[in-house]
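# Coordinates in review
Okay, here's what each chain looks like letter by letter:
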Amino acid sequence: MRALYAAKLGGDAPLANLELGERPTPRPGPGEVCVRVLAATLNHHDYFTLRGIVGYPITPPRILGCDAAGIVESYGSEPPEGAPPEGSEVVVYSVRSCGHCRGCASGDFMLCRTFTMLSDGDREGSFAEYVIVPAGAVLPKPADLTFAQAAALGVTYLTAYRMLYTKARLRPGDSVLVQGASGGLATAAIQLGSASGLRVIASSRNADKLDFAKRLGARDTVVAGKDAAKAVLKITGGDGVDAVIESVGEPTWGTSLRAVRQGGTVVVAGATAGPNPPADLARIFWRQITIAGSTMGTPSEFAALVNFVEVAGIKPPIEKEYRLEDAAKAFERMAAGELLGKLAIVL
Ligand SMILES: [Zn+2]
């Protein structure tokens with residue numbers, strides 16, 4: 001089958017590690033399903049894999065891609081009860097957990113000590129004609145979404161869902177500051193948040209991105225930078241927001257800590273612009289701020305997300321769809337930053 005893979009990892013020019021070529025067509029084993037991929041979206045995780053900094057242990061060549069939507073090709077054994085039949089349109093749940101460690105036993109499968117995403121560890125990714133996942137890891141695709149839009153749910157929207165509702169425990173009427181207004185994760189948080197009755201405030205340095213955030217449902221926007229926290233305090237009557245969605249890191253961390261209310265929560269699911277800002281510990285304990293790390297989401301969060309998106313009519317914005325042959329251009333676009341929504345690879 002045709003696939004886009006990392007021929008090697010790391011080095012000074014990570015994009016040069018990308019190759020498009022033939023890889024063996026996989027067969028589903030017992031308890032697995034083979035999905036014919038029609039779309040997958042690009043995630044920072046793919047770029048980090050190319051750079052050799054996530055997903056270990058990985059032995060290249062490794063097919064990239066951590067989310068997918070497509071058609072059920074075949075099950076490797078009797079499918080689970082209620083599983084989508086062969087030939088049906090599905091969206092893929094990307095995480096695999098061990099099911100028996102202490103974290104899994106707690107019921108929160110994202111605390112699994114050895115969880116993997118597609119393209120991590122021993123798993124091939126989804127930038128290929130076929131991908132193998134556990135048989136329970138496919139859900140019917142929301143009918144109103146394109147395959148590219150549905151694929152975006154698997155990593156980006158799932159991550160935003162867990163940040164907003166599980167980690168920050170936000171409820172209708174609560175306020176949330178979403179940092180970095182137009183990237184995939186921020187886009188997802190703005191759309192989900194506003195559709196669920198949150199007061200969403202989006203931040204960016206760029207006026208076009210703030211317009212984009214407004215179109216997605218942000219009620220207010222603030223210009224990122226030294227006056228951003230003051231602007232958020234003004235919007236919230238001096239209190240600060242109930243929660244901050246943080247995935248930028250060093251440039252925005254100070255604002256996140258100053259813009260959150262006393263007793264509020266800063267949820268972190270990335271640090272695309274640097275992972276080591278000053279901690280400002282005095283502010284954290286004195287104002288009793290909770291810092292919550294978050295990554296991906298559980299199977300039940302994914303099922304709730306897919307249902308929510310369908311009921312609320314949410315359509316993830318896809319900035320551009322690329323053919324597999326042009327996927328390197330998508331990586332270049334993402335590496336340059338400045339996205340408005342998601343980039344998708346379609347087959
Ligand atoms: Zn586990």
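The structure presented is a predicted model; accordingly, all values stated were derived computationally and were not measured.

This part covers the pattern of salt bridges. In this structure the tally under the stated criterion is 15 salt bridges. As a salt-bridge pair, Glu-89 and Lys-141 come within 3.7 Å of each other at their nearest N and O atoms. With a gap of 52 residues between them, Glu-89 in strand β6 (residues 89-92) and Lys-141 in the loop between β8 (138-140) and α3 (147-151) connect regions that are remote in the sequence. According to the relative accessible area criterion, Lys-141 is buried, its value standing at 10%. Beyond isolated ion pairs, a larger network of salt bridges with shared partners links Arg-2, Glu-129 and Glu-325.

Taken together, Cys-98 (SG), Cys-101 (SG), Cys-104 (SG) and Cys-112 (SG) make up the protein donors of the zinc ion, found 2.3 to 2.4 Å from the metal. Viewed at the metal, the four donor atoms of the zinc ion are separated by angles of 100 to 116°, and the geometry they form is tetrahedral. Mapped onto the sequence, the residues coordinating the zinc ion show the spacing C-x2-C-x2-C-x7-C. Taking relative accessible area as the criterion, Cys-104 reaches 4% and is therefore assigned buried.

Another aspect to go through is the domain arrangement of the protein chain. Domain annotation of the protein chain identifies domain 1 (2-152 + 316-346) and domain 2 (158-293). The distance between the C-alpha centroids of domain 1 and domain 2 comes to 28 Å. Counting residues at the interface gives 11 residues for domain 1, matched by 12 residues for domain 2. Across the interface of domain 1 and domain 2, roughly 890 Å² is buried in total on both sides, 62% from carbon and sulfur atoms. Across the domain 1-domain 2 interface, the total number found is one salt bridge.

In this section: the packing of helix α4 (residues 153-167) against helix α5 (residues 184-195). Between α4 and α5, the shortest axis-to-axis distance is 8 Å and the interhelical angle comes to 55°. With respect to α5, the element α4 is oriented oblique. Crossing geometry of α4 relative to α5 is assigned as right-handed. Residues Thr-156, Tyr-157, Thr-159, Ala-160, Tyr-161, Met-163, Leu-164 and Tyr-165 of α4 form the contact with α5, whose participating residues are Gly-184, Leu-185, Thr-187, Ala-188, Ala-189, Gln-191, Leu-192 and Gly-193. Among the residues forming the contact of α4 with α5, the class breakdown is 10 nonpolar, six polar and no charged.

What counts as what
- Residues numbered from 1 in each chain as written.
- Predicted model: local features only at pLDDT ≥ 70, side-chain atom pairs only at ≥ 80, totals over all residues.
- Heavy atoms only, no water.
- Salt bridge = Lys/Arg side-chain N within 4 Å of Asp/Glu carboxyl O.
- Helix = DSSP H or I, 4+ residues; strand = E, 2+ residues; numbered from the N terminus.
- Buried < 20%, exposed > 50% of the residue type's maximum accessible area, 1.4 Å probe, protein only.
- Donors = N, O, S within 2.8 Å, 3.2 Å for Na, K, Ca; no water.
- Tetrahedral: all angles 85-135°; square planar, octahedral: opposite > 155°, others 65-115°.
- Domains from an automatic or database assignment.
- Contact = heavy atoms within 4.5 Å.
- Buried area = accessible area lost by both parts, 1.4 Å probe.
- Axes fitted to C-alpha atoms, helices over the stretch in contact; angles between N-to-C directions.
- Parallel < 35°, antiparallel > 145°, perpendicular 65-115°, else oblique.
- Left-handed = near helix turned anticlockwise from the far one by under 90°.
- Nonpolar A, V, L, I, M, F, W, Y, C, P; charged D, E, K, R; others polar.

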